[in-house]
Amino acid sequence: MASKIEPVYQIFSFQDCKTSPDPVFEVPAQYVTPTPVPIVIDNGSFQTRAGWAAPAAEPDAPRLLFRSVAARSRGAARSETQIGNDIPNLEPLRWLLKSQFDRNVVVNFEIQELIFDYVFTHLGITSEGHVAHPIVLTEAPCNPLHCRQMMSELLFECYGVPHVSYGIDSLYSFYHNNSQRNLQPPHTGIVLSSGYHCSHILPVINGRLDAVNCKRVNVAGSQAASYLQRLLQLKYPGHLAAITLSRVEELLHEHSYTAVDYHEELEKWRSPEFYEREVHRMQLPFTGKVPGGCVSVEERHERRAQQLRRLQEINARRREEKLLQDQERLDRLMAVQELLEDGLLDQFHKSLVELNMDSAEELQSYISKLQLAVEQGRQKLLHSDGAEGKNEVSELEQPMDEGDGVTLMDPDFPEDTLPEKPANVVQPVFNMAEYHQLFVGTERLRCPEILFQPSPTGEDQMGLMETLEYVLARYTPEQQEALVSNVFLTGGNMQYPGMKERVERELLAMRPFQSHFKVRMASRPALDAWYGARDWALEHLPTGGGEAAAGWISRQDYEEKGGEYLSEHSASNVLIPMRIAKPVPARPSEPPVSTLTSTGASTAATTVTSAPMPSCLTVAADVSVVTS
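Residues numbered from 1 in each chain as written. Predicted model: local features only at pLDDT ≥ 70, side-chain atom pairs only at ≥ 80, totals over all residues. Heavy atoms only, no water.

Visitor: Can you lay out helix α1 (residues 109-122) for me, pointing to particular residues and giving the numbers?
Guide: With 14 residues, α1 should reach 20 Å at 1.5 Å per residue; the first-to-last C-alpha distance of 20 Å fits that figure. For α1, the tally of buried residues reaches ten of 14 residues, placing the bulk of the element in the interior. Inspection of α1 places Phe109, Ile111, Gln112, Leu114, Ile115, Phe116, Tyr118, Val119, Phe120 and His122 among the buried residues, and these make up the whole buried set. For α1, the capping residue at the N-terminal end is Asn108, with a side-chain oxygen 3.4 Å from the backbone nitrogen of Glu110. Two residues or fewer after α1 comes Gly124, characterised by a positive phi angle close to 95°. (Helix = DSSP H or I, 4+ residues; strand = E, 2+ residues; numbered from the N terminus. Expected span 1.5 Å × (residues − 1). Buried < 20%, exposed > 50% of the residue type's maximum accessible area, 1.4 Å probe, protein only. Polar contact = N/O pair within 3.5 Å; in protein donor to acceptor, adjacent residues only side chain to side chain.)

Shown next as structure tokens:
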């Protein structure tokens, strides 16, 4: 008879990684003189990466990688704030965590200032009052002018930096990977970027971002983590506290994958063999001691002795309390009897009424009983030597309440009141380890799927590929062919296994028959934005002059053109200046507008009369002028 093959279970343990504080580095001398080396900061909504734009021969990895969060209680001093890796475990301080982001846009500049302080301090910048290095900083696609204005004000006014350059993180990653594949500029393609708070579709034509057709999808890593946490907490209501957001993020990063065909993959999970083979059992921490387990004879004797000692202490304390109560009552009754002996009959009868007694004989009877009870109580206290458990309770003592949990026990009572079960009876064994396991099955693919189908999370919007189809429909067939020939995937939320294959399958169903497309994944989806910004800073130093210095905002530009000014470059946003039309008051002596003959007057009249038009038309006109 063939033996039954047991299925191989996949049991994993949570890492529960704890971060260690970042060291304070020293600035190398070659980074300061003769020309200060730029500092590259990838200001991500999930993680901040900062380092030097050093040449290739130098260590080129970002020096600092930490979560973009700060923990400070209300009213605490600025020095008591914990930033990034200074927080070893996020869960105890989850309710105190604050971020500088709302979605992917920086709005809390107080926290942003704390992040910058942390970066500059740990990079080793010790100059007082200013930072002498240029800054390359990433920002969100189509970043609002007000947010850029506040960021420029913070960098120039607070830190006194000489130059600042803003760029889009996914475009830095796009150009970095294109240069690694030796693709000649100008580059044309479409970037699918998915981070922590939202995803973007960014078309790039001839090396410049087509900002008019950029689209954002408000589904990304944080929504997937929240969805997975909700699914597991509903599935395991007994482990609500153990299913923390940090562990859920670990599940997403290490155990989830994207299904090439979602419905076909779900059908596979219906098979018990497939389920047992593919389900990931996540082991939660637990203690191995089972309540009510087997207890040895010695432990039972020890517990019984402890219980007897505890009962004796309780009885002795109760006797003392009752002796004091009886003595107080006896003293009071004796005082009433003295009133009778002194001839104070009125006070005596009044005291009898208060004591609820009818005569002096009844009073004397109570006094005799209390004297006997007090004497017996004193004798018991004098002779209490451990044998009190054998003495019977006095008639005047009140029995212990049932709520005390135990009553007086006779030491001679047999130890085992219930007969022991025979040894051949099989006792059910409670598997504590299996009780503390999370079976993560279809959740492994259901949570990454919300990027393509956001409806399970309650988001009423299109998925990533449906939005991509909408963006491509806004271009001519020739432009569509050029865009889909270089579809680029980047961002930390694009690292699921099977993501590239899923995008290729969706494009195959979307594009016309026998059309060609190419999908590429970033070599390091989470870090290539920083590496691309470093490469751009090395190629476009602010001291180079000419076209090499394009893309930098100097202190003079900030003072002359305002904080919302943006110096455009290949990986930046498109500057759309804010134009406010001021109505010109008409003078009564002037003729009507229609009678003016000069060209300048007719132009001014056109501006005045077109002011009441909808603002969207004015903005569209500005966009068309800038992008052309």
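Visitor: Quick one: what's the story with unusual backbone geometry, residue by residue and with numbers?
Guide: Cis geometry marks the peptide bond from Thr33 to Pro34, where omega comes out at 0°. Tracing the backbone through its elements, the reader meets Pro34 in the loop between β1 (10-13) and β2 (39-43). The omega torsion of the bond from Pro185 to Pro186 falls at 0°, within 30 degrees of zero and hence cis. Along the chain, Pro186 falls in the loop between α3 (169-180) and β12 (189-194). Positioned with a positive phi, Arg103 is a non-glycine residue whose angle comes to about 60°. Judged by its relative accessible area of 29%, Arg103 falls in the partly exposed class.

Visitor: Pulling in residues and values, what's your account of the packing of α1 against helix α2 (residues 145-158)?
Guide: At a minimum axis separation of 11 Å, α1 and α2 run at an interaxial angle of 45°. When the axis of α1 is compared with that of α2, the two are oblique. Once α1 is placed against α2, the crossing between them reads as right-handed. Contacts from Phe109, Gln112, Glu113 and Phe116 of α1 reach α2 at Cys147, Met150, Met151, Leu154, Leu155 and Cys158. Class assignment for the residues of the contact of α1 with α2 results in eight nonpolar, one polar and one charged. (Axes fitted to C-alpha atoms, helices over the stretch in contact; angles between N-to-C directions. Parallel < 35°, antiparallel > 145°, perpendicular 65-115°, else oblique. Left-handed = near helix turned anticlockwise from the far one by under 90°. Contact = heavy atoms within 4.5 Å. Nonpolar A, V, L, I, M, F, W, Y, C, P; charged D, E, K, R; others polar.)

Visitor: Tell me what's going on with the sheet that holds strand β11 (residues 163-168), and back it up with residues and numbers.
Guide: Pairing is mixed in the open sheet, where six strands are placed in the order β4-β3-β2-β10-β11-β20. If you trace the sheet from one side to the other, it starts and ends with β4 (64-67) and β20 (553-554), each paired once. Pairing of strand β3 (residues 47-52) with β4, which is carried by four bridges, proceeds in the antiparallel orientation. By the bridge assignment, Ala50 is partnered in β4 with Leu64. Across the sheet, α2 touches β2, β10 (135-139), β11 and β20, and the angle it forms with β11 is around 145°. (Pairing = 2+ DSSP bridges.)

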